[in-house]
Amino acid sequence: SSSKINMRRMRIIVLLCACILLCACPKQPIQRYITLVNKSDKEIICQQLWCATITNADTLYECRIPTQGILANSSYLYESKYGWESDLGFLPYIQYLVLDAEKFHEYRSAPCDTIQKYVPALYRYQLKLEDLEQMNWTVVYPPEGEN
């Protein structure tokens, strides 16, 4: 019938318009790295947590998630294969939990609840995409003004 043909034509026109608009828009460069800078004079342990279900209550060390040691006055690049903008587009935020490295090394082979109890979190960042863009994708520990 002619109404089916008209609907099909309308869909094709809408798809073509969408393609033209997407191709005409200048693409922003993909942000592949978040840099965590340790400006303290001690090694820290950092754990990056990002998932669709993260909440404000998720503030403890998570045993199944890897950690990264960051030496004093150095930095580490967290990489996203497809870009942090797309990764964080559907997440409430990304969390960086900064732990005392000396205590962490002392308890690293202990059960998870022991690590959670005895290894203090020195700082917790819970950052949205907009926060990271404002920070130019660089997270500084200790936070500026708290040295």
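This report concerns the structure included in the present document. These numbers were taken from a predicted model, which means no experiment stands behind them.

### What about the side chain of Q126?
Phase 1: Relative to the helices and strands, Q126 resides in strand 6 (residues 121–127).
Phase 2: A distance of 2.7 Å separates polar atoms of two side chains, one belonging to Q126 and the other to Q95.

### Thoughts on the state of the cysteines
Phase 1: Within the structure shown, the criterion is met by one disulfide.
Phase 2: Two residues, C63 and C112, share a disulfide whose sulfurs are 1.8 Å apart. With the S-S bond torsion at 115°, the cross-link from C63 to C112 turns out right-handed. Pair noted here: C63 is in the loop between strand 2 (44–49) and strand 3 (68–70) and C112 is in helix 4 (residues 112–118), with a separation of 49 residues, a long-range link.

### A few points about the nonpolar core
Phase 1: Residues I34, L36, L88, I94, Y96, L132 and V139 are the most contacted members of the largest nonpolar core, which totals 19 residues.
Phase 2: Those elements giving two or more residues to this core turn out to be strand 1 (33–38), strand 2, helix 2 (84–88), strand 5 (94–100), strand 6, helix 5 (129–134) and strand 7 (138–141).
Phase 3: At three residues, strand 5 tops the list of elements feeding residues into this core.
Phase 4: When residues no more than four places from it in sequence are discounted, the contact partners of Y96 are I34, L36, C46, Q47, Q48, Y78, Y123, R124, Y125, L127 and V139.
Phase 5: The next biggest cluster of nonpolar side chains, apart from the first, holds eight residues, and it includes I45, Y61, L97 and V119.

Reading the values: rules and limits
Counting from 1, residues in each chain are numbered in the order their sequence is written. Thresholds applied to this predicted model are a pLDDT of at least 70 for local features of residues and 80 or more for the giving and counting of side-chain atom pairs; totals over whole chains, interfaces and linings are not thresholded and use all residues. Side-chain measures were taken over the full set of non-hydrogen atoms in the model, leaving aside hydrogen atoms and water. Under the DSSP-based scheme used, a helix requires at least four consecutive residues in state H or I and a strand at least two consecutive residues in state E, with every element numbered from the N terminus. The definition of a polar contact used here is a pair of N or O atoms within 3.5 Å, where within protein one atom must be able to donate a hydrogen and the other to accept one, and adjacent residues in sequence count solely through side-chain atom pairs. Here, the term disulfide refers to a pair of cysteine sulfur atoms separated by no more than 2.5 Å. The nonpolar core is taken to be a set of buried Ala, Val, Leu, Ile, Met, Phe, Trp, Tyr and Cys residues, with the residues joined through side-chain atoms within 4.5 Å. Categorising residues by exposure relies on relative accessible area from a 1.4 Å probe, with only protein chains included: less than 20% of the type maximum marks a residue as buried, more than 50% marks it as exposed, and the intermediate range marks it as partly exposed. We call two residues in contact when some of their heavy atoms are within 4.5 Å.

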